[in-house]
Amino acid sequence: FLGVGCTAILLGSLDDAFRLAFADVDPASLLAYIREASSGYVVVASVPNATQLHDPSTTLNSASEVLFYEALSHPNDLIRTSAAHLEATGSWNRTDGPFDHAGLYYDVAAITDNGLDWSLVTVQRQSCPEGYYTSLAAGDYGSCQACQAPTTTAEGNNDTYCPLCAVGYYRDGGGCQ
């Protein structure tokens, strides 16, 4: 019983730290969570009510009560959407750095130590203004960077490069003339 109690305290502290670190961001645009591999449950997340540990309707006295949501059926849209992509592509323990898919930018880290098999997932929904693209470079990952003239982008894009030509230029092969 002591081990279970200590684990609950640790998860509660991690949950609080996640939510504090992400307190000033829109949870529909940026969040982080930890998923346990063996169960598929989200054990810690940066958004309120991401685990049922913080759900007032949860009763801890019921033996059949599950304290965590499964990532694939999570009530948070960004967690559910990212989990579906990571599951479909087998990317839960991907180690080759940040990647993008369908306007979402992911960074996944494997936490495997002393029996733990968790995936720490950071997900960011990106939309840049006209003339900017989303960088995947390590130093400025996920930020909007200005296109180099004469290239550009459309308003509200999630491009990772500048695929359009600015007014007065035209596409000729791989560049703008």
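Peer 1: Give me the lowdown on the pairing of strand β5 (residues 118-125), citing residues and values where you can.
Peer 2: Relative to β5, strand β1 (residues 30-36) runs antiparallel, the two sharing seven bridges. When the bridges of β5 are listed, Leu31 appears paired with Val123. One ladder, built from eight bridges, connects strand β4 (residues 104-111) with β5; its direction is antiparallel. Bridged to Ala109 within β5 is Leu120. Taking the residues between adjacent antiparallel strands as the criterion, β4 and β5 are bridged by six residues, where Asn114 takes a positive phi near 50 degrees.

Peer 1: Could you give an account of the pattern of salt bridges, naming the residues involved and the relevant values?
Peer 2: The tally for this structure, following the rule as stated, stands at three salt bridges. Glu87 is paired through a salt bridge with Arg35; the nearest N and O atoms lie 3.7 Å apart. Pair noted here: Glu87 is in helix α2 (residues 77-89) and Arg35 is in strand β1, with a separation of 52 residues, a long-range link. For Asp77, the salt bridge identified is with Arg80, shortest N-O distance 3.2 Å. With Asp77 and Arg80 both in helix α2 and three residues apart, this pair spans about one turn of that helix. With relative accessibility at 41%, the residue Asp77 sits in the partly exposed group. Take Arg80: its relative accessible area is 30%, and that puts it in the partly exposed class.

Parameters and conventions
Residue positions within a chain follow its written sequence, with the count starting from 1. Thresholds applied to this predicted model are a pLDDT of at least 70 for local features of residues and 80 or more for the giving and counting of side-chain atom pairs; totals over whole chains, interfaces and linings are not thresholded and use all residues. Values reported for side chains reflect all heavy atoms of the structure, with hydrogen atoms and water molecules removed beforehand. A pair of strands is treated as paired once DSSP finds two or more bridges between them. Helix and strand definitions follow DSSP, with helices as H or I runs of at least four residues and strands as E runs of at least two, each counted in order from the N terminus. Whenever a carboxyl oxygen of Asp or Glu lies within 4 Å of a side-chain nitrogen of Lys or Arg, that contact is scored as a salt bridge. Each residue is assigned to one of three classes by its accessible area relative to the maximum for its type, calculated with a 1.4 Å probe on protein chains only: buried under 20%, partly exposed between the two thresholds, exposed over 50%.

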